[in-house]
Amino acid sequence: MDTKELLKKVRKIEIKTRRLSDHIFGGEYHSTFKGRGMTFSEVRQYYYGDDVRNIDWNVTARYNEPFVKVFEEERELTMMLMVDVSGSELFGTTEQFKNEVVTEIAATLAFSATQNNDKIGLILFSDQVELYIPPKKGRSHVLRIIRELIEFEPISKKTNLTEALKFLSNVMKKKAIVFVLSDFMVDDYEHTMKIVSGKHDVTGIRVYDQREEAIPNLGMVQMQDEESGELMLVNTASKRVRLNYEKFYRNKVNYFKDCFSRSGAGTIDCRVDESYVKKLLGYFKQRG
């Protein structure tokens, strides 16, 4: 992809997702993810309706009229976006591939965090950590993240969520808001997830295509595993083959939901042809 085309794509995503974060998500994000507490800001005159518990008695005595202490929320939060860039993300049977929807969701979350003056970092992972961008503030930083999400080419096509979670634990010493964006077609990550969720506020966003849920009856079909590259002939006319695939798929989805739930983490399911705006808003409101 040449530079001009890349910048055009970045700009297009910025316009769409920034508008969403400005008008919808900024406030919802702020109320959902609270800061570390309240810090003293200033003293001002008492107005009817103010909480009498906030009266500053020393200043009140000095001026012979009531003054109250004003507190502000101490935010300084950090959002970490963990994005699966393995081969299975390059799948789609509607207008968008899974990785394109993931990019838009990540950009919307990043701009929402920026609007609240929070830091944003990025981890791109396959079966290894492919790229780490340390958390920083600002629009130019978010645009760099979007640029990487659009054009990054991973070394590996496989997936290992455990390795990515271990890396997060090593680099993030303070509590962070963590969004993991993947199709979660992996397992064996519950132990590490529990450790990470004990320290950070974690949400898993499962982005999937409806065609992945079941194999249609198309007779003998050659299929390729996007992660291993293996080609195989599959008899989709066989009911047993179709049922085994559905069972395999359902087991992965159930593992994701059960694992995140038992770890105290949140989950969002988002099909590529559904509105991720509604899904995110519903989740924020439910948590707020």
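In this text the structure is predicted, and so the values were computed from the model without any measurement.

Draft legend 1. Spotlight on the packing of aromatic side chains. For the structure shown, the criterion picks out eleven aromatic pairs. Note on Phe184 and Phe256: the rings are 4.2 Å apart at their centroids and 25° apart in plane angle, and the pair reads as stacked. Remark: Phe256 occurs in helix H7 (residues 239–262) and Phe184 occurs in the loop between strand S6 (177–182) and helix H6 (190–199); sequence separation between them is 72 residues. With respect to burial, Phe184 and Phe256 carry one shared label: buried. Ring geometry for Tyr283 versus Phe284: centroids 6.4 Å apart, planes at 50°, classification tilted. On the accessibility criterion, Tyr283 (5% relative accessible area) is buried. A connected cluster of aromatic rings, assembled from ring pairs, spans Phe184, Tyr189, Tyr255, Phe256 and Phe260.

Draft legend 2. Seen up close, the sheet that holds strand S3 (residues 78–84). One open sheet accounts for six strands, arranged S5-S4-S3-S6-S7-S10; its pairing is mixed. Strand pairing shows two members of the sheet lacking a second neighbour, strand S5 (129–136) and strand S10 (266–271), which therefore form its edges. Sheet twist, expressed as the mean angle between neighbouring strand axes with direction ignored, is 15°. Those strands touched by helix H4 (residues 139–151) are S3, strand S4 (119–125) and S5, and its axis lies near 15° from that of S4.

Draft legend 3. Molecular detail of H6. Listed as buried for H6 are Glu190, Thr192, Met193, Val196 and Ser197. Within H6, the buried residues cover an arc of 155° as seen down the axis, which keeps them to one side. Those residues of H6 that are exposed and angled more than 90 degrees off the buried face are His191 and Gly198.

Draft legend 4. Examining the environment of Lys175 more closely. Along the chain, the position of Lys175 falls in the loop between helix H5 (161–171) and S6. Spatially, the C-alpha atom of Lys175 lies 9.8 Å from that of Ser197, the residues being 22 residues apart in sequence. Setting aside its immediate chain neighbours within four residues, Lys175 contacts Lys199, His200 and Asp201.

Draft legend 5. Structural view of the pattern of salt bridges. One pass over the structure, following the stated rule, counts 14 salt bridges. For Arg206, the salt bridge goes to Asp269, with nearest N and O atoms at 2.8 Å. Placement of Arg206 in strand S7 (residues 201–208) and of Asp269 in strand S10 is noted, with a sequence separation of 63 residues between them. Given a relative accessible area of 3%, Arg206 falls into the buried group. Judged by relative accessible area, Asp269 falls into the buried class, the value being 18%. Ionic contacts of the salt-bridge type, sharing partners, join the residues Lys98, Asp183 and Glu212 into one network.

Draft legend 6. Representation of H5. All of the buried residues in H5 are Leu161, Thr162, Ala164, Leu165 and Leu168. Axial view of H5: buried residues confined to an arc of 165°, hence all on one face. The N-terminus of H5 is capped by Asn160, whose side-chain oxygen sits 3.1 Å from the backbone nitrogen of Thr162.

Draft legend 7. Summary view of the packing of helix H3 (residues 98–115) against helix H8 (residues 276–287). The contact between H3 and H8 brings their axes to 11 Å, and the two run at 45°. Here H3 is positioned oblique relative to H8, judged by the angle of their axes. Relative to H8, the crossing made by H3 is right-handed. Residue-level inspection shows Val101, Glu104, Ile105, Thr108 and Leu109 of H3 in contact with H8, the latter providing Tyr276, Leu280 and Phe284. Split into classes, the residues belonging to the contact of H3 with H8 amount to six nonpolar, one polar and one charged.

Cut-offs used in this document
- Residues numbered from 1 in each chain as written.
- Predicted model: local features only at pLDDT ≥ 70, side-chain atom pairs only at ≥ 80, totals over all residues.
- Heavy atoms only, no water.
- Phe/Tyr/Trp six-rings, centres within 6.5 Å; stacked < 30°, edge-to-face > 60°.
- Helix = DSSP H or I, 4+ residues; strand = E, 2+ residues; numbered from the N terminus.
- Buried < 20%, exposed > 50% of the residue type's maximum accessible area, 1.4 Å probe, protein only.
- Pairing = 2+ DSSP bridges.
- Axes fitted to C-alpha atoms, helices over the stretch in contact; angles between N-to-C directions.
- Contact = heavy atoms within 4.5 Å.
- Arc of directions from axis to C-beta.
- Salt bridge = Lys/Arg side-chain N within 4 Å of Asp/Glu carboxyl O.
- Polar contact = N/O pair within 3.5 Å; in protein donor to acceptor, adjacent residues only side chain to side chain.
- Parallel < 35°, antiparallel > 145°, perpendicular 65-115°, else oblique.
- Left-handed = near helix turned anticlockwise from the far one by under 90°.
- Nonpolar A, V, L, I, M, F, W, Y, C, P; charged D, E, K, R; others polar.

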